Amino acid sequence: MLTLIVTTLAVSSLIILFLFFLVYSWDFFTTLKAPFLPISKNIASKIAGLLDIKDDSIVYDLGCGDSRVIIECYKKNPRAKYIGIEKSYIPYILSLIKLKKLGNPKNTRVINGNFFKQNLSQATHVFLYLLPEMMDGLLPKLIAELKQGTIIISFNFVFSKKNPEKTVELLGPKQKHLGLMYIYKL
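Scanning the chain from N- to C-terminus turns up five helices and seven strands. Ordering the α and β elements of the chain from the N terminus gives α-α-β-α-β-α-β-β-α-β-β-β. Within the span of the chain, comprising 186 residues, buried residues form 40% of the whole. Across the chain, the fraction of contacts at a sequence separation of at least 24, relative to all contacts at a separation of at least 6, is 68%. Surface accessibility of the chain: about 10800 Å² in total, with carbon and sulfur atoms responsible for 63%.

Okay, the environment of Y89 next. By the secondary structure assignment, Y89 is in helix α4 (residues 89-101). Measuring from C-alpha to C-alpha, the distance between Y89 and G113 comes to 9.2 Å, with 24 residues separating the pair along the chain.

On to the nonpolar core, then. Core analysis: the largest hydrophobic core is formed by 26 residues, its most contacted members being I47, Y82, F155 and M181. Every element with two or more residues in this core is listed here: α2 (41-50), α3 (68-76), α4, β5 (151-155), β6 (166-171) and β7 (177-185). With five residues, the top contributor of residues to this core is α3. Other than its neighbours up to four places away in sequence, M181 contacts I47, L50, F127, I153, S154, F155, K166, T167, V168 and L170. Counting residues in each nonpolar core, the second largest holds 23 residues, with I83, I111, L130 and F159 among its members.

About the cut-offs
- Residues numbered from 1 in each chain as written.
- Predicted model: local features only at pLDDT ≥ 70, side-chain atom pairs only at ≥ 80, totals over all residues.
- Heavy atoms only, no water.
- Helix = DSSP H or I, 4+ residues; strand = E, 2+ residues; numbered from the N terminus.
- Buried < 20%, exposed > 50% of the residue type's maximum accessible area, 1.4 Å probe, protein only.
- Contact = heavy atoms within 4.5 Å.
- Areas by Shrake-Rupley, 256 points an atom, 1.4 Å probe, with all protein chains shown as cover.
- Core = buried A, V, L, I, M, F, W, Y, C linked by side-chain atoms within 4.5 Å.

This is a description of form; function is not addressed.
Here is the structure:
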């Protein structure tokens, strides 16, 4: 009897792992243009500092992954409004879990969807960690929808048809290079 229970649990666990793998694989292969590549909490904190968020800021993170950047921004200024948009299901679910641990702040939310189909016109700040092809495809939408003065910050990747106003090198312990922040202003 005990052997039957252990066998059933083992088979059930394998089925659950297999289903998780299928969902993750489907999610990964259908979003190859922007795979989930999380940045470290240290880098997210540095990004939050560079965004210069005010109480009335509305910060969008396009392709927000597990929301670590908007969570770090929220910790620096809990009065601003934060909106993450994530198309992939697994990072989106991770975002919801992290926001729940944070107490589900009313001014912070994550949308499961395609940021190309979302209205971004309220943004005062936009954070991007997207591959160059996605960046260039997004630029016309940003120009059309965002207000003059909106700050766009990209981690490690640039627009090929727009020059950044400023480039900031992120340094870690012992001055180790962590990446580049490209700051644009519309």
